Every structure is written in C-alpha cells, then in structure tokens.
Amino acid sequence: MNIYGDYEETLNQVMADLLEKIQQMNQQAIDHHQPKLYEHLISRIKTPASMAEKCQRKGYPVNTTSALRKCKDSIGVRIVCNFIDDIDHCLTLLHKADWCSIVQEKDYITNAKPNGYRSYHVILDVTTPYRDITGQVPGHYFAEIQLRTIAMDSWASLEHEMKYKHNIQNAARIGKELKRCADQLASCDVQMQTIRQLINENN
C-alpha cells in the first residue's frame, strides 16, 4: 500500500508548481539585471518506502497523515547556487514570497555538521490550489528546500556515494580526509565570493 494514498499525484503537481515559482523568481532577478539565483534545480518526491521507513524511525503511525503532516520532506528541492551570496538572495525572496511561509530553518553553512556537511535547509508551507489531507482548499503542503553552492553539492554527493560503500577500510581516516576536503571547499567558496565582490566594485 502506498503511504501517500490518493495524494501522490497531487504531490507531483505541487512539486511542479513549486519549481515553476522558483524559476519565476530566478527570471525576475535576471530581468532586473541581477545575477541568476542558481545554477540548477534538483527535485524529488521521497519514495513511499523511504517515507514509511522514516515514519517508523520517528515513531509516527505509518499512514498518509504522518507522511504529509508530521514528516515535512515528502517534496524535496535542492537549489544549487554559484556563490554564497546567491543563497542569501534566495532566502530573502522565499521569506518575502506570498505563496509560501518558512516554518523551519537549519543553517549548516554557518554551523557545519561534524563531518563537514554544509547546506542551508528550510521547510516551506506552500499554499496550493489543491485539496490537502485536512480537506481544505486552498490546501497546504510542506516541502524541504536545500540551498547549496556547487562546491557544497559536489562534496555532499561524493560523501553520500562513499558512505554507502560496504566494507570501507580506515573509515576514521577517510572521515578526517573528507572533513578536511569540506573545509578546503568552504574556504574556496569564501574566496570566490570575495573575487566576485572585487569585480563588482570595479564595474
């Protein structure tokens, strides 16, 4: 049985609408002669099996209400930006948007995870024209947005791939090297941001 029940199609519609809203934000920035907000977008609906596992892990009933209300990441969007300032710009626009509200923020850029992971996570409450699980129209659906630079995204993708390899030898040493790599990439992000600011000051 699909944990999303009759709402799986609606989730895909909400995700498509959300991507369109973000793309519109980007186009408006470009139309106002501002830098583009991001390099690319990645989106997904958490698989029913993954959502059911998460509900079990969190101690929630394994049902559609838990999937859509208690867990707030059935819809996931990753915004991959060129520069750190672009992440700040995206966040400012999301805070001002009239089609959503930010209900949770986690700053793993200022406060990186111990393994070196960096990203900025927000949970959006998105207002939609679709009926939600409470029967309300307009309906409200949650989505998790992850904002990263290209460097942060590259590191996270590689770390994720290696983490799921079996029979890793010298795991502690590999962890230290990954952390060192993450720190070096973070330093590069800051340097690239400084270079961009210097170029802009001279224009």
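Details of the structure are given in the entry above.
Report follows, based on the coordinates. All values derive from a computational prediction rather than experimental measurement. (Residues numbered from 1 in each chain as written. Predicted model: local features only at pLDDT ≥ 70, side-chain atom pairs only at ≥ 80, totals over all residues. Heavy atoms only, no water.)

### Section: the packing of helix 5 (residues 150–163) against helix 6 (residues 171–201)
Argument step 1. Taken N-terminus to C-terminus, the directions of helix 5 and helix 6 make an angle of 165°; their axes are 9 Å apart at the nearest point. Our classification of the angle between helix 5 and helix 6 gives roughly antiparallel. In the packing of helix 5 onto helix 6, the handedness of the crossing is right-handed. Touching A151, M152, W155, E159 and M162 of helix 5 are L178, C181, A182, L185 and D189, all from helix 6.
Argument step 2. The residue makeup of the contact of helix 5 with helix 6, split by class, is 8 nonpolar, no polar and 2 charged. (Axes fitted to C-alpha atoms, helices over the stretch in contact; angles between N-to-C directions. Helix = DSSP H or I, 4+ residues; strand = E, 2+ residues; numbered from the N terminus. Parallel < 35°, antiparallel > 145°, perpendicular 65-115°, else oblique. Left-handed = near helix turned anticlockwise from the far one by under 90°. Contact = heavy atoms within 4.5 Å. Nonpolar A, V, L, I, M, F, W, Y, C, P; charged D, E, K, R; others polar.)

### Some details on the sheet that holds strand 5 (residues 139–149)
Adjacent strands of a sheet form backbone hydrogen bonds with each other and so pair up, either parallel or antiparallel.
Argument step 1. The sheet built from 5 strands is open, its strands ordered 1-2-5-4-3 with mixed pairing. Two strands in the sheet have a free side with no partner beyond their single neighbour: strand 1 (40–45) and strand 3 (100–107). Pairwise comparison of adjacent strand axes, ignoring direction, gives a mean angle of 20° for this sheet.
Argument step 2. Bridge analysis of strand 2 (residues 75–81) against strand 5 gives 7 bridges, and the strand direction is parallel. Bridge pairing in strand 5 places V77 opposite I145.
Argument step 3. Where helix 1 (residues 8–31) meets the sheet, its contacts fall on strand 1, strand 2, strand 4 (120–128) and strand 5, and the angle it forms with strand 1 comes to roughly 165°. (Pairing = 2+ DSSP bridges.)

### Here's the deal with the state of the cysteines
Argument step 1. One pass over the full model with this rule turns up 0 disulfides.
Argument step 2. Not part of a disulfide, C90 finds its nearest cysteine sulfur in C81, a span of 4.2 Å.
Argument step 3. Residue C181 stays outside any disulfide, its sulfur separated by 9.2 Å from that of C188, the closest cysteine. (Disulfide = S-S within 2.5 Å.)

### Remarks on the packing of aromatic side chains
Argument step 1. Evaluation of the coordinates by the stated rule reveals 1 aromatic pair.
Argument step 2. Pairing Y108 with Y117 gives two aromatic rings, centres 6.1 Å apart and planes at 65°, and the pair type is edge-to-face.
Argument step 3. A cation over a ring is seen here: K113 above Y108, with NZ or CZ 4.8 Å from the ring centre.
Argument step 4. Above the plane of the ring of Y117 lies K113, whose end atom (NZ or CZ) is 5.0 Å from the centre. (Phe/Tyr/Trp six-rings, centres within 6.5 Å; stacked < 30°, edge-to-face > 60°. Lys NZ or Arg CZ within 6 Å of the ring centre and 35° of its normal.)

### Concerning the pairing of strand 4
Argument step 1. By the criterion of burial, strand 4 is predominantly enclosed, with 8 of the 9 residues buried.
Argument step 2. Where strand 3 meets strand 4, 7 bridges bridge the pair, whose relative direction is antiparallel. Within strand 4, the residue paired with K106 across the bridge is H121.
Argument step 3. Note that strand 4 and strand 5 share 9 bridges and pair antiparallel. By the bridge assignment, L124 is partnered in strand 5 with A143. (Buried < 20%, exposed > 50% of the residue type's maximum accessible area, 1.4 Å probe, protein only.)

### So, the side chain of D189
Argument step 1. Within the secondary structure, D189 is located in helix 6.
Argument step 2. No salt bridge is formed by the buried D189, whose closest oppositely charged neighbour, R118, lies at an N-O distance of 7.2 Å.
Argument step 3. The contacts of D189, once residues within four sequence positions are left out, are I84, T149, A151 and M152. (Lys, Arg positive; Asp, Glu negative; His and termini not counted. Salt bridge = Lys/Arg side-chain N within 4 Å of Asp/Glu carboxyl O.)

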